[in-house]
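# Coordinates in review
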Amino acid sequence: MDFDLKRYLREHYQVLGPVAPARFESELAKRIGAPKKRKPVLAAWSAYLREPGREGVRSFYQRTLTAAPRRLEPLVYALHYPFLQFYVQEVPGLLPERGRVLEVGAYTGALVHALAQLRPEMEWHALDPLPQAVARGREVGAQLGLEVAWHEGWWEEFAPAEPYDAVLLLSVLPEGHLREDMPPEIEDETAFYRTFALCERLGRLASVLRPGGRVVYGHGPFLGKNPQAFARLLERMGFGEVALVGGGDYVLVNGRMPERLRPAGVAPQRAAVRPREEAAPARDVLAVARSQLERGEAEAALAVLEGAQGAEAVALRGRALAALGRWREAEAALAQAKGAQARALRALALVELGRGEEAIAQLEALAGEAEVYRTALARAYAQAGRLDAALRAFAQLEGARPPELERVLERYAEHLFRDLREGRLVEVSRRVEYAEDLSPEFLTRELLYLGLHAALGQRLWGRAERYARRLYDLGEVSGAVGLALARLRLRGAEEVEAVDRAALEEVEPYLTDAAARSEDALALLALGRLRAEQGRYEEARRLLEKAARAARGAPVGAAYRLLAVVLERLDAPLDVVLGAHKRAHAFRPYPPQQLLAMARRAAEAGEKVLAREFLGALRETGLGDLDAECFDELVQLIESLEGAWEAFRVLWDALAHTPAASLEALERAYRLSRPFAAAEEAEEALAAYVGALNQQGRAEEALAVLEAEVARRPHVLELLFDLAEQHERLGRFEEAHQVWKRALDVAYYREKDLDLAREVLRNLLFLNPHDPDLELYLEELKATSAKLAELEGTPDPLAGQTPEDVRASGLPRFSGEYLIVLGGHTQLRSRLKPRLEALGLRVDWFDSDSTTAARESLRRIQSRLGRAHGVMIVSSYVGHDLSEPVRAGAQALGVPVYITPGRARGVTGLMRALAEFAPEIIKKALG
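Cut-offs and rules
Residues numbered from 1 in each chain as written. Predicted model: local features only at pLDDT ≥ 70, side-chain atom pairs only at ≥ 80, totals over all residues. Heavy atoms only, no water. Helix = DSSP H or I, 4+ residues; strand = E, 2+ residues; numbered from the N terminus. Rg over C-alpha atoms; globule rule 2.2 N^0.38 Å. Buried < 20%, exposed > 50% of the residue type's maximum accessible area, 1.4 Å probe, protein only. Contact = heavy atoms within 4.5 Å. Areas by Shrake-Rupley, 256 points an atom, 1.4 Å probe, with all protein chains shown as cover. Lys, Arg positive; Asp, Glu negative; His and termini not counted. Charge placed at Lys NZ, Arg CZ, Asp CG, Glu CD. Salt bridge = Lys/Arg side-chain N within 4 Å of Asp/Glu carboxyl O. Core = buried A, V, L, I, M, F, W, Y, C linked by side-chain atoms within 4.5 Å. Polar contact = N/O pair within 3.5 Å; in protein donor to acceptor, adjacent residues only side chain to side chain. Axes fitted to C-alpha atoms, helices over the stretch in contact; angles between N-to-C directions. Parallel < 35°, antiparallel > 145°, perpendicular 65-115°, else oblique. Left-handed = near helix turned anticlockwise from the far one by under 90°. Pairing = 2+ DSSP bridges.

Along the chain, the regular secondary structure elements total 48 helices and eleven strands. Expected size for 927 residues packed as a compact globule is a radius of gyration near 30 Å; at 46 Å, the chain overshoots this value by more than 25%. In terms of overall dimensions, the chain has a C-alpha envelope of 150 × 75 × 60 Å along the principal axes. Looking at the chain as a whole, 51% of its 927 residues are labelled buried. Summarising the internal contacts of the chain: among those between residues at least 6 apart in sequence, 64% fall at separations of at least 24. Accessible area for the chain stands at about 42800 Å²; split by element, carbon and sulfur atoms hold 50% of it. Once the 123 positive and 137 negative side-chain charges of the chain are each reduced to a mean point, those two points are 4 Å apart.

Further remarks concern the pattern of salt bridges. Evaluation of the coordinates by the stated rule reveals 51 salt bridges. A salt bridge links R214 to E241, with the nearest nitrogen and oxygen atoms 3.1 Å apart. Taken together, the residues span a long stretch of sequence, with R214 in strand 5 (residues 209-218) and E241 in strand 6 (residues 240-247) at a distance of 27 residues. The shortest N-O distance in the salt bridge between E476 and R445 comes to 2.7 Å. Residue E476 is found in the loop between helix 25 (461-473) and helix 26 (477-488), and its partner R445 is found in helix 24 (residues 445-457); the two are separated by 31 residues along the sequence. The buried category is assigned to E476, whose relative accessible area is 10%. A relative accessible area of 22% places R445 in the partly exposed class. One network of salt bridges, with partners in common, ties together R674, E683, E709, R712 and R713.

Quick look at the nonpolar core now. L363, L447 and W740 are the most contacted members of the largest nonpolar core, which totals 181 residues. Counting residues in each nonpolar core, the second largest holds 60 residues, with Y48, V57, F60 and A133 among its members.

Moving on, we come to the side chain of D128. Examined against the element boundaries, D128 turns out to sit in strand 2 (residues 123-128). Of the buried charged residues, D128 lacks a salt bridge, with R58 as the closest side chain of opposite charge at 11 Å. Within the structure, D128 has its side chain in polar contact with the backbone nitrogen of Y107 (distance 2.8 Å). A polar side-chain atom of D128 sits 3.1 Å from the main-chain amide nitrogen of L130. Those residues within four positions of D128 in sequence are excluded, and the remaining contacts are G105, A106, Y107, A133, V134, H151, E152 and G153.

Moving on: the packing of helix 38 (residues 680-695) against helix 39 (residues 699-712). In contact at an axis separation of 7 Å, helix 38 and helix 39 are set at 155° when each is read in the N-to-C sense. With respect to helix 39, the axis of helix 38 lies roughly antiparallel. As for the relative orientation of helix 38 and helix 39, their crossing is left-handed in sense. Residues L686, Y689, V690, L693 and N694 of helix 38 lie in contact with helix 39, whose contacting residues are A699, E701, A702, V705, L706 and E709.

A sheet is described by the order of its strands in space; here seven strands give the open sequence 3-2-1-4-5-7-6, paired in mixed fashion. Two strands lie at the open edges of the sheet, namely strand 3 (148-152) and strand 6, each paired on one side alone. Averaged over neighbouring strand pairs, the angle between their axes works out to 15° when direction is ignored. With five bridges joining them, strand 1 (residues 100-104) and strand 2 adopt parallel strand pairing. From the neighbouring strand, V104 faces strand 2, where its bridge partner is L127. Where helix 8 (residues 131-144) meets the sheet, it contacts strand 2 and strand 3, and its direction lies at approximately 170° from that of strand 3.

All right, on to helix 14 (residues 285-294) then. Along helix 14, the residues that are buried comprise V288, A289, S291, Q292 and L293. Looking one or two residues past helix 14, G296 carries a phi angle of roughly 85°, positive in sign.

Right, let's talk about the pairing of strand 6 for a bit. Within a regular strand, side chains alternate between the sheet's two faces. Strand direction decides the pairing type here: strand 6 and strand 7 (residues 250-256), joined by six bridges, are antiparallel. Each residue of the ladder has a partner; that of A243, found in strand 7, is N254. Counting the residues between successive antiparallel strands, the hairpin from strand 6 to strand 7 contains two residues, one of them, G248, with a positive phi of roughly 65°.

Here we take up the side chain of H125. Summarising the element assignment, H125 is placed in strand 2. Within the structure, the side chain of H125 is placed 2.9 Å from the side chain of H151, a separation counted as a polar contact.

Take Q534: it is sitting in the loop between helix 29 (521-533) and helix 30 (537-550). What makes Q534 partly exposed here is its relative accessible area of 25%. Separated by 33 residues in the primary sequence, Q534 and R501 place their C-alpha atoms 8.8 Å from one another. Non-local contacts of Q534, meaning those with residues more than four positions away in its chain, are made with R501, E505 and E508. A distance of 3.3 Å separates the side chain of Q534 from the side chain of R536, its partner in a polar contact.

Right under this line is the structure:
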């Protein structure tokens, strides 16, 4: 029977892999997070290890079945995992052809249920002292459809109605007799028997096992091993055909029950020794031992060699101990011996003890002499972690492959699974092909699965189909799915939507098979799409709903997209259809036009919540791909759902996520913001729209927009400043002069801001220093300043100021520093550059009107950056495509950069910016 133990333990007992006993506490913390819940389990575990007796065993195993049972039961089996694998591999072949079998200490039945599936012709019984374990075992047996008879009780008290044909004592007799100071092996036989009370406990076989029946003993993962001593104990008790199966830590002892058990204290029978050998003088002891070893009488040879001295005696003693399987003693003896034979035998002993890495060099030299050395070399490579070399050595063996090969292949696959998770497909493919080249038999299910996924990821369709075919022949669902993918030339389920119907129909048998045996996402998705195209919509709906639950990542989105189409064909409610689209968008975003269309459909159907969700998704996606018509529709839809303010806010936020927003989009945002003109976002929309008009050479339109805004809100200083600057840009200085006067009136009479009024007056003096009205304004400002100084008791900043003093106030003095100015308009440059030079600056000014050829201007600017002491960028009047390279280049050269914040205020704003920037310019010049 082809029985997969890993899958069986994973599906029915949730055991994912082995756990070392030393990691019990850390694994317990993973399964039970709360320290309060872990404490009683740890106390039971401590008592189990340190307090011999039934109570420690009962307490610990009962705790694993009452405190989070579905979490601790798998942990118990994980501690025994390698031994379960060994038992399942070896025990079925040791049982009789027919009869009744009893497993002692079955816990919840993982092993007995596995053996019952491997040998269904036997009648199976299980014994355990815990009622919770017996109840759980019966429950799992019913789920598996197995008829296992369960008995509750301790082995020492169990009395069956009739004896059994086989008794399994697997990993059970050491329990209850553990000690904290127990060594890994108890070499003294008497101490071994007494430690585990074996003589008394094996005496129970007289009433439990029929004459001629088989007993099978396995020590399990516990300390105190000595399988050879256990075998000799069975022989003393009269058992026949006593044999050891396995090696190292994994050994089974089995024997045939005699008609009558002998007392365990009877001395073992020694092998018959011929009279001539018995009478041999002391000098012939070595010859006698040598002849006995050649006849296979290792026990007798060991007795003869007792007390013998010398290198040859040590070598013969090592040979005898090795023949008896007492590898630790044999290795110690052979390490003192000399000669090639002793060295070769010691290498074998090292492998048996798990120290194969020390014997590799010796075994490589011996590999050409005999199969036993080649087998040992393969095992040594495996123990040293050299898996590639181990596989190569196993492939060169001529006889039956040792059981270690399976564990090597498992470790090999584990390494490749890590490579597959990290995306190293070429490495996975290469190493699977290496194993296949050594022997096609090396390709286990795991390696075939790995090779299939690596081949699909690399688009190696022929190789993928070969691996998938082998998996399919083994009955694996992944084989059917792999065949479908290889025939369709797909790498994964997310590509199913692009395949045509004819190709899907060709692989329909594989897809149907996979979907029938397991809820595989690819098979369900592909079949759902095929059924939809065939018009079988109800069936398609069921398949796609399963696919959406089973899939992970991008395929989930594909399943929901297809499901939405099918639901629409079935006339499902619109909210259900749109809900499927919403889930699909979460895994692979829809384009903006489609999101807008779905929001419109939801709004028309009265599903306002869904409509808002789609609009939110549209805002996150961005509006760069929407045309003018779609913009209009979007604005109208938001306004109808949430009002004009929300329509503007959503649109403005979306434009903030949209690089290089079009002038049409900015115009719509501006028009929509007018009812809320005082809001900060509305001011930003106005500034962005006016700036875009200026950058595209449509200054007259920008002026009209600003004049309209000032007409609606005549007392807003920001608008007056913008309008005055726009007139300056167009060279209309008289109009600009009048607007600045209006701004001065607002700042002085309405806002009562003396400092701001003085700055606006300074701007007016730059524009028209001979205007007599400005002297009147200055006198009024000086009178107000004097009164304030008198009231506050502070110095008067305007005392004795002349128009020229106002123009020069707050400005630093320079001494030939070199400044580059980028931005502004021609009129601003023509008026301000002479003033900057009068302050002692050398200025290169590249205004926005003279930098139409951006590439040439950029080249000229960058060629001068190395000599500059500072760079000023007038943000209101220069494009990002020109200012950003200049800023980056200046910073790379260590040249300080100043970007005017927000909208510049003509001369006033620039002179204020220069005053703030002056320390950086001077510092650069001095440095």
